[in-house]
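Understanding the architecture of this molecule
Next come the chains, spelled out residue by residue.
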Amino acid sequence: MAEGGDDSSQEKTEEATPRKLEKAREDGQIPRSRDLTTTFILLAGTIGLYSFSESISGSMMGLSKNNFSLSRVEVFDTEAMFAHLVSSFAEGLFSLIPLFILLLIASVVGPIALGGWLLSAKAMAPKFNRMNPGAGLKRMFSFKALVELAKSLGKVATVMAAAILALKLWQQDILQLAGEETQSAVVESLKISGITTILMAAVTILIALVDVPFQIMDHSKKLKMSKQEIKDEHKDSEGKPEVKGRIRQLQREMAQRRMMAQVPDADVVITNPTHYAVALKYDPEKMATPVMLAKGGDQIALKIREIAKANGVEIIESPVLARSIFHTTDIDEAIPTGLYVAVAQVLAYVFGLRNYRRGQGERPPYPRVNVPRDLRYD
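Keep in mind that what you see is a predicted model, and the values were worked out from it rather than measured. (Residues numbered from 1 in each chain as written. Predicted model: local features only at pLDDT ≥ 70, side-chain atom pairs only at ≥ 80, totals over all residues. Heavy atoms only, no water.)

Thoughts on the nonpolar core
Here is the rule we go by: Definition of nonpolar core: a set of buried residues of the types Ala, Val, Leu, Ile, Met, Phe, Trp, Tyr and Cys, connected through side-chain atoms within 4.5 Å. Whether a residue is buried, partly exposed or exposed follows from its accessible area with a 1.4 Å probe, protein chains only, as a fraction of its type maximum: under 20%, in between, or over 50%, in that order. Only DSSP runs of H or I reaching four residues or more are called helices, and only runs of E reaching two or more are called strands; each is numbered from the N terminus. Note on definitions: a residue-residue contact is assigned when non-hydrogen atoms from the two residues lie within 4.5 Å.
The biggest cluster of nonpolar side chains holds 21 residues, and the ones touching the most others in it are Val268, Ile270, Leu280, Leu321, Ile325 and Val343. Looking at this core, the elements that each hand over two or more residues are strand S1 (268-271), strand S2 (276-281), helix H14 (319-328) and helix H15 (340-357). Residues in contact with Val343, not counting those within four places in the same chain, are Leu280, Pro290, Leu321, Ile325 and Ile335. Counting 14 residues, the second-largest nonpolar core is a separate cluster that includes Val263, Ala266, Ile307 and Val313.

Things to note about the confidence of the model for the protein chain
In regions of low pLDDT, the predicted coordinates are not meant to be interpreted in detail. Selection criterion: Each residue gets a pLDDT score, which is the predictor's confidence in that residue and runs from 0 to 100.
Across the protein chain, pLDDT averages 80, with 89% of residues at or above 70. Across residues 1-7 the pLDDT falls below 50, and counting only partners more than four positions away or on other chains, this stretch makes 10 contacts in the model.

A look at the environment of Pro290
Looking at the secondary structure, you find Pro290 in the loop between S2 and strand S3 (291-297). For the pair formed by Pro290 and Tyr340, sequence separation is 50 residues and the distance between their alpha carbons is 8.3 Å. Apart from the residues within four sequence positions on either side, Pro290 is in contact with Lys281, Tyr282, Glu333, Ala334, Ile335, Val343 and Leu347.

Section: the UniProt feature "transmembrane region" (unreviewed entry) in the protein chain
How we decide: UniProt positions are given in the numbering used here, feature names are shortened, and annotations may be inferred rather than shown by experiment.
Taking the UniProt record as the reference, the feature "transmembrane region" (unreviewed entry) is found at residues 35-53, 96-121 and 190-214. The distance from the first to the last C-alpha atom of residues 35-53 is 26 Å, and the span holds 95% helix and 0% strand. Regarding residues 190-214, the helix share stands at 100% and the strand share at 0%, and the terminal C-alpha atoms are separated by 36 Å.

Remarks on the sheet that holds S3
The following threshold applies: Criterion used throughout: strands pair if DSSP finds at least two bridges between them. Axis definition: a line fitted to C-alpha atoms, limited for helices to the stretch in contact. Angles are taken between N-to-C directions and run from 0 to 180 degrees.
Within the open sheet, the four strands sit side by side as S3-S2-S1-S4. Their pairing is mixed. A single partner strand is all that each edge strand has here, and the edge strands are S3 and strand S4 (314-317). Here the average twist between neighbouring strands, direction ignored, is 20°. Bridging between S2 and S3 involves six bridges; their strand directions are antiparallel. Directly across from Lys281, in S3, lies its bridge partner Val291. The sheet contacts of H14 involve S1, S2, S3 and S4, and relative to S2 the element is tilted by about 75°.

Focus: the packing of aromatic side chains
Which entries qualify depends on this criterion: Note on aromatic pairs: the rings of Phe, Tyr and Trp (six-membered ring only in Trp) are paired at centre separations within 6.5 Å, and the planes decide the class, stacked below 30 degrees, edge-to-face beyond 60, tilted for the rest.
Summed over the entire model, instances satisfying the criterion amount to two aromatic pairs. Between Tyr276 and Phe326 the ring centres are 4.6 Å apart and the planes differ by 55°, which places this aromatic pair in the tilted class. Of the two residues, Tyr276 is situated in strand S2 and Phe326 in helix H14; the sequence distance between them amounts to 50 residues. Centre to centre, the rings of Tyr349 and Tyr366 are 5.3 Å apart; their planes meet at 65°, and the pair counts as edge-to-face. Here Tyr366 lies in the segment after H15 and Tyr349 lies in helix H15, a separation of 17 residues in the sequence. A relative accessible area of 7% means that Tyr349 is categorised as buried.

Below, the structure is given as structure tokens:
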């Protein structure tokens, strides 16, 4: 298969890369479990109903008494009935607020329990391809739809089995409600309803325990990549080798031009004499130690010598010292302390030679530098 060909025929056997996972998350593609959310909401609702049953039932009993003890005058007074309706609604709503808060928390925690919090504009954007009737029918009769149908039937069967078990366990308690007072019967019925509903909701935990790994596995399967996709992603992220090579070449050329522009400012160029060349500068008033402005080998060394000669920079042949500075010092860096004496001898010769040419003093002898053995590069 060609390198850049369509890889849709390639088997997607590789796990998704971090970049693919990040892009999928940006697109709103994260594992979600509806059954896990349903479990959270059902458990929160049933536990809340059981916990607040006494206060809710007391409030409902008070509302019932109040609504069934209206006088004839109030019944035929439109304003009084409206005010009564508003107050009854407010009282009933107020008694249910703790339960609503619990359900609200569960409805938020449930979805983010798997996949975490995500706010994606792409996920919220309308997808017009989903409005295609043909695609909709295809989804309805797909294998995934069949799996979802089987899961739904399994959920219904499981919850029904839990409901039948609950009715058998509390059958006698339910029958005894007929002989109790109204208020206590309401409270007790709410408690029984709460306990049985908690039992049925707890059954959905089993469904969620099956669905959550399935959703994670399905999400991972959807994001699997072929080897060609991984190669293409690597090229996109790292850049093509030829482009990277060209960029590095341009960077080297720019650095080399900057380096060559500094050669005319050097005090001396020390050569090998043919293979290496290093340009040094030392200003006693501004510098603590000599600094290397440029260095190079072969053709670059030749170019440094040409620029130095054209600009009147002194060129000194010292093969050992040139190699030592070349290998131990980078551009715009001070020379190592071990080479201070040797470089000082060269600079003393250069500065003395300048004075001699101006007619000041005698011509200095050519320096015989001594480079420490541990700094020599033969």
